[in-house]
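# Secondary and tertiary structure notes
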Amino acid sequence: MKKFLNFGSLNIDNVYSVDHFVQAGETLAPFSFEMFPGGKGLNQSIALARSGAEVWHAGRVGPDGEWLVKLLAESGVHAEEIDRTGKRSGHAVIQVNPQGQNCILLDGGANMQIPESYIETSLAPFGRGDCLVLQNEVNSLPEIIRRAAQRGMDIALNPSPITDELYAMDFSAVTWLILNDLEGEALTGEQQPQEMARALLARYPHMRIVLTMGSAGVLYRDAQESHTHGIFHVPVVDTTGAGDTFTGYFLSAVVGQRPVAEALRIASAASAIAVSHKGAAVSIPTSEEVKRFLSTCEENRG
Ligand code: RIB
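Here goes a summary of the coordinates provided.

The rules behind these values
- Residues numbered from 1 in each chain as written.
- Predicted model: local features only at pLDDT ≥ 70, side-chain atom pairs only at ≥ 80, totals over all residues.
- Heavy atoms only, no water.
- Helix = DSSP H or I, 4+ residues; strand = E, 2+ residues; numbered from the N terminus.
- Near = heavy atom within 4 Å.
- Polar contact = N/O pair within 3.5 Å; in protein donor to acceptor, adjacent residues only side chain to side chain.
- Areas by Shrake-Rupley, 256 points an atom, 1.4 Å probe, with all protein chains shown as cover.
- Nonpolar A, V, L, I, M, F, W, Y, C, P; charged D, E, K, R; others polar.
- Buried < 20%, exposed > 50% of the residue type's maximum accessible area, 1.4 Å probe, protein only.
- Arc of directions from axis to C-beta.
- Contact = heavy atoms within 4.5 Å.
- Salt bridge = Lys/Arg side-chain N within 4 Å of Asp/Glu carboxyl O.
- Pairing = 2+ DSSP bridges.
- Axes fitted to C-alpha atoms, helices over the stretch in contact; angles between N-to-C directions.
- Patch = residues over 30% accessible without salt bridge, like charges linked within 9 Å, V, L, I, M, F, W, Y side chains within 5 Å.
- Parallel < 35°, antiparallel > 145°, perpendicular 65-115°, else oblique.
- Left-handed = near helix turned anticlockwise from the far one by under 90°.

This paragraph deals with unusual backbone geometry. Of the consecutive residues Ser160 and Pro161, the connecting peptide bond is found in the cis state with omega at -5°. Turning to its location among the elements, Pro161 is positioned in the loop between strand S10 (154-158) and helix H5 (164-167). Of note in this structure, Gln257 is not a glycine but carries a positive phi near 70°. Following the sequence through the fold, Gln257 ends up in the loop between helix H8 (242-255) and helix H9 (260-275).

Right, here's the structure in full:
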């Protein structure tokens, strides 16, 4: 089985359920406040592990983040090499409205203070054919990519959130680019998903592009293949972490040699389950739940 190394963020998510997103000059009392484990990195590692993949996590926490490391380990992620600092862990302030939409304020904390020496130590046990998973919530992304490419690793990047640093980045070493349509528009200047994929492929012909489009589903494009998959309709409670669930399940399936069309279906089902529960990491389903969900869909279809 191929090994995954996810070099990514671990956050404490402070989640506020609100009637509407707070406006400039307004003070708003939330319906409720809860603290959840999160961070795109942590969420994607948990999705990979719950889907059945073997995954190691590299990242950094402060003393307030020990429970995040414990959760990763309990979820089956190899978390032994996560770095520690005396500073604060990353945290997010997340408002969730009654439609299940969110807006997120992110303070990178320890995620953005990863020392260069730690990069090489983390990559050392991995080599050709192993898959490095990245998001844009840790520092030194270009350096991590450069060193992983030298080792012959396949690289999957979820360029989220979009920052100025990303515009200047060279994605030549990236095999899998998994992004949403807003990120696609920011990176290509195009407004139609097919045009975004075309623009990315023109620049990076080897790339395998997975473009999620919210309620319009997902588009996959590479030099040979093109696929689409619609969403599974479920009551939406909280969309936080749905993209991370998709990314983990999709990568686990395709790197595990499943056909792209099947991987899209599995990942869409996993993220449909995730949006029907509150929280990010805690809403990620197990592979058994995903199988059950898909077989129920089949039965309902007759
Ligand atoms: O993708 C969802 C995640 O984005 C949240 O868990 C939050 O921590 C932010 O990183």
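On we go.
This paragraph deals with the site of the ligand. For the ligand, the set of nearby residues contains 13 residues, the closest of which are Asp13, Gly39, Lys40, Glu137 and Asp244. Separating an oxygen atom of the ligand from a side-chain N or O atom of Asp13 is a distance of 2.6 Å. Gly39 has a polar backbone atom sitting 3.0 Å from an oxygen atom of the ligand. Protein chains bury 95% of the 280 Å² of accessible surface belonging to the ligand in isolation. The class makeup of the residues in the shell around the ligand is three nonpolar, six polar and four charged.

Quick look at helix H2 (residues 66-74) now. Since there are 3.6 residues in each turn of an α-helix, residues three or four apart along the chain are aligned in direction. Buried within H2 we find Leu68, Val69 and Leu72. Seen end-on, H2 carries its buried residues on one side only, within an arc spanning 100°. H2 presents Lys70 and Glu74 as exposed residues on the side facing more than 90 degrees away from its buried surface. Its buried side turned inward, H2 meets strand S2 (11-17), strand S3 (32-38), helix H1 (40-50), strand S4 (54-58), strand S5 (60-61) and strand S6 (83-84).

Applying the stated criterion across every chain yields a total of 13 salt bridges. With a shortest N-O distance of 2.7 Å, Glu34 and Lys278 are connected by a salt bridge. Residue Glu34 is found in strand S3, and its partner Lys278 is found in the loop between H9 and helix H10 (287-301); the two are separated by 244 residues along the sequence. A relative accessible area of 32% places Glu34 in the partly exposed class. Glu137 is paired through a salt bridge with Lys40; the nearest N and O atoms lie 3.9 Å apart. Here Glu137, found in the loop between strand S9 (131-135) and helix H4 (141-150), pairs with Lys40, found in helix H1; they are 97 residues apart in sequence, far enough to count as distant. On the basis of relative accessible area, Glu137 is assigned to the buried category, the value being 8%. Residue classification places Lys40 among the buried residues on the basis of a relative accessible area of 17%. One connected set of salt bridges, linked through shared partners, spans Glu116, Glu120, Glu143, Arg146, Arg147 and Arg151.

The next point concerns the sheet that holds S10. Here we have eight strands laid out as an open sheet, ordered S4-S1-S9-S10-S11-S12-S13-S14, and mixed in their pairing. Here the strands that pair on one side only, and so sit at the sheet edges, are S4 and strand S14 (226-229). For this sheet, the mean inter-axis angle between neighbouring strands, taken without regard to orientation, is 15°. Pairing geometry for strand S1 (residues 3-7) and S4, over five bridges, is parallel.

A separate point is a nonpolar patch on the surface. Taken together, the side chains of Phe33, Met35 and Trp67 present a nonpolar region at the surface, about 310 Å² in accessible area. On the secondary structure map, Trp67 appears in helix H2. Using a relative accessible area of 33% as the deciding quantity, one classes Trp67 as partly exposed.

Note on placement: Glu116 falls in helix H3 (residues 116-123). Exposure remark for Glu116: the relative accessible area of 49% places this residue in the partly exposed category. What Glu116 contacts, discounting residues up to four positions off in sequence, is Glu143 and Arg147.

Here we come to the packing of H8 against H9. Two measures define how a pair of helices packs: the angle their axes make with one another and the distance between the axes. At a minimum axis separation of 8 Å, H8 and H9 run at an interaxial angle of 150°. By the angle class used here, H8 and H9 are roughly antiparallel. The handedness of the crossing between H8 and H9 comes out as right-handed. When H8 is examined against H9, the residues Ala242, Thr245, Phe246, Tyr249, Phe250, Ala253 and Val254 are found in contact with a partner set consisting of Val260, Ala263, Leu264, Ile266, Ala267, Ser268, Ala270, Ser271, Ala274 and Val275. Classifying every residue of the contact of H8 with H9 gives 14 nonpolar, three polar and no charged.

In this fold, Gln95 is placed in strand S7 (residues 90-96). Among the polar contacts made by the side chain of Gln95, one reaches the main-chain amide nitrogen of Val22 at a distance of 2.8 Å. Residue contacts for Gln95: discarding those within four places in its chain leaves Tyr16, Val18, His20, Phe21, Val22, Gln101, Asn102 and Cys103.

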